[in-house]
Every structure is written in structure tokens, then in C-alpha cells.
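Residue strings, one per chain:
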Amino acid sequence: MKRKWYALTALLLCSVFLSACRAPSQTADPALVLGFSQLGSESSFRIGNTKDMERAAKEYGISLMMDNANQKQENQINAIRRFIACRVDVIAFSPIVEEGWDNVLAEARQAGIPVILVDRKIQTADSSLYVSQIGADFYQEGVMAAEYLLRKADSSGKDRLHIVEITGTENSTPMKQRHEGFWDTVAGDGRIVLLESVSGDFLRSRGAECIRYLLEKYGNEIDVIFSHNDEMTLGALPEIEAAGYTPGEDMMLISIDGGQEAVDLLKEGKISCIVECTPMLGSLVMQTAQAVKEGRSVDRAIHPTEQVFTSDDDLSALAPRGY
Ligand code: AHR
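Residues numbered from 1 in each chain as written. Predicted model: local features only at pLDDT ≥ 70, side-chain atom pairs only at ≥ 80, totals over all residues. Heavy atoms only, no water.

**Describing the site of the ligand**
- If you check the shell around the ligand, you find E42, S43, F45, R46, D119, R120, F138, P174, R178, F202, N229 and D257 and nothing else.
- A distance of 2.4 Å is found between an oxygen atom of the ligand and a side-chain nitrogen or oxygen belonging to E42.
- Between the ligand and D257 there is a distance of 2.6 Å, counted from an oxygen atom to a side-chain nitrogen or oxygen.
- Here the ligand has 280 Å² of accessible area as a free molecule, and 100% of this is covered by the chains.
- At a threshold of 2 Å from the grid points, most atoms of the ligand map onto the largest cavity. (Near = heavy atom within 4 Å. Polar contact = N/O pair within 3.5 Å; in protein donor to acceptor, adjacent residues only side chain to side chain. Areas by Shrake-Rupley, 256 points an atom, 1.4 Å probe, with all protein chains shown as cover. 1 Å grid on protein atoms, 1.4 Å probe; cavity = no way out; pocket = protein on both sides within 12 Å on 5 of 7 lines; lining within 4 Å. Sits in = over half its atoms within 2 Å of the grid points.)

Rendered as C-alpha cells:
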């Protein structure tokens, strides 16, 4: 009886999900139903990514079942189980952290539903649990941030640069790989000295809290702030100014993402460098989902091309960022 009730509820949820998510222009029976678990709404990157997934689904005539996990892995696992119960054609998700996915992805495989990782990666001993990962090369982003710093160290002629690092969500791919890429690149360069690395969870409010703590502890010893995303940078900036420092002069800020608000501050010279991390992954995800559904082979890893913007560049021709 309990089972029957569960099956009925799942069926009802699926039809509500499908009718709510189907674009008006689509036929009653879409060629492809994609279940997408978004990890949250923590940043302009994330909100831009959600919008781009919705836009691309409409463009490709794909029916999108979207669920926002509000920063909780448990919610993502539940959403994936609902997608399986609804028998979607393909599941996509942006894993908040790297570990803990094997069981639910084995359930998806058992149900014959292919899985695409969007943006972030997972750790698993069984690489057949997903077909493709579509997202940035986060290690390379860390490398590009460090290369900018080394160029600045050369041109300034300084023999010491003290750095504080504000990292993203613990155990997430961008947090781990941006950190590694950055510190691997400056390793062995005696001028670059880490004062402290603290976690800001990719949130604006945490960026403010972290820099308040760091300024109190190190004050004007800080030369460089390496922040793992724009949101935390935007939280840190007013605190730096309130403490009496001029960002871009007293302290150099290096950020990642390249959303409009941060780019505007880069143009003002308050942020010195931004490594782009584009959220515009929707078209790549939809094309890959279609290929998988049709049994065509897909690339195991798909990385969009990304650029570096600095306050020394002429950015007057840069198109509106869209996030
Ligand atoms: O996974 C990508 C990162 O997640 C972005 O850099 C950050 O803004 C987001 O929260």
C-alpha cells in the first residue's frame, strides 16, 4: 500500500514538474526531458547559469525539470531521485561538493539514465557513473590568476608580496583546483608569501566577514587578496575601504568569474585582475544531452574558453557580461 502511494505521489510530482517546466512553444510530448539539479543561488555566476540553462532548454526544444538545492547536497540527491522516478531522458547536475555521489548515480545508471556533470566535478572510483563534465578548467583559472600576480611582482620590483586567500566552498572542485593551480604556479618564488587562507563559501556575506578578520589580524601587511569568486570580492571591497585602505593601491585584489558588477569595479581600478569563469554553459549542456539521447559519443570533458581581464586593459569594447 505504502509503495503504491509512493509511486502515485512520484507520478503526480512528475506531471506537475513537466507541465510547469514545458515552454509554451513546445509540443505536448517533448523529444527530450532533462532533469537538472542546480546547487543554489550563491552568486551572480550561479544565477546567470540557471538563466542560461532555461534559455538554452527553450532554444533546443528540451523540456527542463529544474530543481534548486539551496546549497545542500542532500537536496541534490533527493532531486536526482525524483528525476529517476520521473524517468527523465538525461540527468544533469552541478555538484556542490566532490564526494558522496556514488550511490545515487548508481541508481541512475540502474535506471538507464545518463548523467552529465555541469560546472563542477565529482570524485568517484567508477568513471562510468557520468558521461561528460561541462565546465571551466578551474586549475587553469588558478594558474592564470597566479601568472598575473607574477607579472605584477616583476614590474613592481618588490621582493615580498604578502597574500591572503579567501577560498570557495570547502571540498568543491573550484575551491580545490583554484587553490592548487595558484599555489603550484607561484611555488618556489620566494617573493610570494601566504599569510593565511580562509574559507568564504563563495558568499558575499562571508567575503566581508573573512576580510574583516584578516584586516584585523594582518592590517597593512596585506599586499594581495586572492578571492576565489567575485561575490566574496564584492563583500570584501567595502570593508577594505571602511578600514581606510584604497583597493588597487594599498592592496591588490584578484578575483574570479567576471560578472558585470565586478567588471565595473575593475574598470574603476578597485579590482586589479579578474579571471573569467563563464556560467554560459546551457547550449553545451543541451547539445550534449541530445547527443547522449541519440546514442552519439560525447567528449568526457568540455571546457569553455576563458579570458583574463586586468585594470591595465582597455575594456571599453567589452560586451555586457550578462551575469
Ligand atoms: O563553480 C563555479 C563557482 O561557483 C563560481 O566561481 C562561483 O561564483 C560559484 O559560486
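Structure's up, so let's keep going.
**Concerning the packing of aromatic side chains**
- By the definition in use, this model includes three aromatic pairs.
- Their ring planes at 70° and their centres at 5.0 Å tell us that F182 and W183 sit as a pair that is edge-to-face. When sorted by exposure, F182 lands in the same class as W183, which is buried.
- Centre to centre, the rings of F182 and F226 are 4.2 Å apart; their planes meet at 15°, and the pair counts as stacked. Here F182, found in helix α6 (residues 173-186), pairs with F226, found in strand β8 (residues 224-227); they are 44 residues apart in sequence, far enough to count as distant. Neither F182 nor F226 differs from the other in exposure class; each is buried.
- A network of ring pairs unites the aromatic residues F182, W183 and F226 as a single cluster. (Phe/Tyr/Trp six-rings, centres within 6.5 Å; stacked < 30°, edge-to-face > 60°. Buried < 20%, exposed > 50% of the residue type's maximum accessible area, 1.4 Å probe, protein only. Helix = DSSP H or I, 4+ residues; strand = E, 2+ residues; numbered from the N terminus.)

**A few points about the sheet that holds strand β9 (residues 252-257)**
- If you walk across this open sheet you meet the six strands as β7-β6-β8-β9-β10-β12, and the pairing is mixed. Looking along the sheet, the strands with just one partner apiece sit at the ends: β7 (192-199) and β12 (308-310). On average, each strand axis in the sheet is tilted by 15° relative to the strand beside it, whichever way the strands run.
- Lying on the sheet, α6 is in contact with β6 (161-167), β7, β8 and β9; it crosses β6 at an angle near 165°. (Pairing = 2+ DSSP bridges. Axes fitted to C-alpha atoms, helices over the stretch in contact; angles between N-to-C directions. Contact = heavy atoms within 4.5 Å.)

**Here's the deal with the side chain of E231**
- The residue E231 is located in helix α8 (residues 230-242) in this model.
- Apart from residues no more than four positions distant in its own chain, E231 is found in contact with E42, S43, S44, F202 and R204.

**Description of the state of the cysteines**
- As enumerated under the stated definition, the model contains zero disulfides in all.
- C210 carries a free sulfur, and the closest cysteine sulfur to it, the one in C277, is 19 Å from it.
- The thiol of C277 is not disulfide-bonded; the next cysteine sulfur, from C273, is found 14 Å away. (Disulfide = S-S within 2.5 Å.)

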